[in-house]
Amino acid sequence: MSSDVTLIDPLEGPIRGTTRVPGDKSISHRAVLFSAMAEGTSRLSGVLDSADVNASIEAVRALGAQVDLEKQADGSLEGTITGWGSEGPKQPDKPIDCANSGTTARLLMGVLAPWDIQVELTGDSSLKKRPMRRITAPLMKMGVRFEPAGQELLPITEIGTPKLRAINYEAPMASAQLKTAVLLAGVYAQGTTTVKEPAPSRNHTELMLPEYGVPTTASSQTASVKGPALMQASEVVVPGDPSSAAFLVCAAAIKPGSDLTIENVSLNTARTGFVRTLERMGADIDVVHTGQEGKEPNGTIHISYTPVLRGCEIPAQHIASLVDEVPILSLVAAHARGVTVFKEVGELRVKEADRLAATIEGLAQLGIDAWEEGNDLYIEGNPDLVVAPGLTFESYGDHRLAMTWAIAGLTSNVPVEVTRFGSVAVSYPNFLSTIQGLAR
Ligand code: S3P
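First, a word on scope: everything that follows refers to the structure included in this document. Here the structure is a predicted model, which means the values were calculated and not measured.

### Things to note about the overall build of the protein
Next, step 1: Tallying secondary structure elements over the protein gives 13 helices and 23 strands in all.
Next, step 2: Taken over the C-alpha trace, the protein has a radius of gyration of 21 Å; the compact-globule value for 440 residues is 22 Å, and the two agree within 12%.
Next, step 3: When the backbone C-alpha atoms are referred to their principal axes, the protein occupies close to 60 × 45 × 40 Å.
Next, step 4: If you take every contact in the protein between residues at least 6 apart in sequence, the share linking residues at least 24 apart comes to 76%.
Next, step 5: Carbon and sulfur atoms make up 48% of the accessible area of the protein, which amounts to about 15,900 Å² in all.
Next, step 6: On the protein, the mean spot of the 37 positive side-chain charges and the mean spot of the 51 negative ones are 4 Å from each other.

### Overview of the sheet that holds strand E18 (residues 313–314)
Sheet strands line up and pair through hydrogen bonds in the backbone, either parallel or antiparallel.
Next, step 1: A sheet is described by the order of its strands in space; here 4 strands give the open sequence E18-E19-E21-E20, paired in mixed fashion. Two strands lie at the open edges of the sheet, namely E18 and strand E20 (369–373), each paired on one side alone.
Next, step 2: Bridge count for E20 against strand E21 (residues 376–380) is 5 bridges, and the pairing is antiparallel. Within E21, the residue paired with glutamate 372 across the bridge is leucine 377.
Next, step 3: Packing of helix H11 (residues 355–365) onto the sheet brings it into contact with E20 and E21, and relative to E20 it is tilted by some 155°.

### Concerning the sheet that holds strand E12 (residues 216–219)
Next, step 1: In spatial order, the strands read E10-E11-E13-E12; together these 4 strands make up an open sheet with mixed pairing. Of all the strands in the sheet, the pair left with one neighbour each is strand E10 (168–170) and E12. Within the sheet, the average angular offset between the axes of one strand and its neighbour, ignoring direction, is 10°.
Next, step 2: Looking at chain direction, strand E11 (residues 191–196) and strand E13 (residues 222–227) are connected through 6 bridges and run antiparallel.

### Considerations on the packing of aromatic side chains
Next, step 1: By the definition in use, this model includes 7 aromatic pairs.
Next, step 2: Ring plane angle 85° and centroid distance 5.7 Å describe the contact between phenylalanine 34 and tyrosine 212, whose orientation is recorded as edge-to-face. Residue phenylalanine 34 is located in helix H1 (residues 25–37), and its partner tyrosine 212 is located in the loop between helix H6 (204–208) and E12; the two are separated by 178 residues in the primary sequence.
Next, step 3: Seen from their ring centres, tryptophan 115 and tyrosine 188 are 5.5 Å apart, and the 65° between their planes marks the pair as edge-to-face. Highlighted residues: tryptophan 115 in the loop between helix H3 (102–112) and strand E7 (118–122) and tyrosine 188 in the loop between helix H5 (176–186) and E11, separated in sequence by 73 residues. Here the two residues tryptophan 115 and tyrosine 188 agree in accessibility, since each one is buried.

How each quantity is defined
Residues numbered from 1 in each chain as written. Predicted model: local features only at pLDDT ≥ 70, side-chain atom pairs only at ≥ 80, totals over all residues. Heavy atoms only, no water. Helix = DSSP H or I, 4+ residues; strand = E, 2+ residues; numbered from the N terminus. Rg over C-alpha atoms; globule rule 2.2 N^0.38 Å. Contact = heavy atoms within 4.5 Å. Areas by Shrake-Rupley, 256 points an atom, 1.4 Å probe, with all protein chains shown as cover. Lys, Arg positive; Asp, Glu negative; His and termini not counted. Charge placed at Lys NZ, Arg CZ, Asp CG, Glu CD. Pairing = 2+ DSSP bridges. Axes fitted to C-alpha atoms, helices over the stretch in contact; angles between N-to-C directions. Phe/Tyr/Trp six-rings, centres within 6.5 Å; stacked < 30°, edge-to-face > 60°. Buried < 20%, exposed > 50% of the residue type's maximum accessible area, 1.4 Å probe, protein only.

Here it is, written out as structure tokens:
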């Protein structure tokens, strides 16, 4: 057990009012990386200021992009990035440290693919345990070299090539990081590069590349890009992150008396599976579309405390649309009547921590019976769930587990302890003060 423990007191009252959440992490990473690849100066606003996005910013700086982003009063980053365009990135003088960020490491592999430089990618102890062959394998088919060849774990050195081959790739798993890495390499390959997925994953790359002058074609499980194309500077306004909103929304669903509205959040359906799941559980939730930035829809989510929630089954085809929300939805399922089943969630084992094992472990501490069968997660809820005093939850340094277990305490009547709570800086640095502020 880690010695870095934070005491989380129960909230003073119900979660009420109207708020916003920080910028979307996936869109922020892409805005930073695509702007660095493009010719000219892009203008970005609403960018998430967090440890993960910072890893992408520092990476593109080390590769020669000029990043001038400044912190705004609302906590977001705004400003410009001048990309390397047709000149390409410069050879960095040391390894690129992607910290805890899988998105940085995996997307960078696609970004670097067309350039004849040698770049060593590394990360923190969690990232160095996460699988990379799912990205290096298709890129090797396109002509990229990696050293050591075929290695699963970082550190890995990439040696790109200007002679990339377009490929038609059947992805073994629904992963937007994999799809994006291959499509980004495909921008520079001769011909059409296509990725076919077993289930639809988030589509921010397909929606955003055309904003940078690169046409894409996409249906729900196939995306293509025709190369070679030159990326041109663009303007991106990043909406609020639905994955961060999910923590406040789920907390409000289980905290008596709550009534919460979250404005300016991305309502991209590839990301709002948690809203549909809460609807199916009977939660009093609704969404209103208010606008669109580029091709990304955004709007408002409204949720009220729901005394009676029902368990439900989430089919495999829908998992990617809520993949980062499984831990917090599992906590809601723990409060619901009946069994909730998340089908085919094996990918949770290779997130920032083993979220499948950690979720089952944390729910067991709450006295909830949860188990895995094959790659499915089962949770037997208890509408009368009462959190016992004196619990310590292990976050394993994973931001989404840290927020999930904090909410177990925040919405109950006794404090809980959460290890390595500081990991929330990866995606939602002000999570605790925001939720406490809404409960006063
Ligand atoms: C992300 C894709 C997902 C998600 C991650 C962000 C992205 O990962 O879990 O937090 O921005 O493309 P996978 O591609 O591994 O499913």
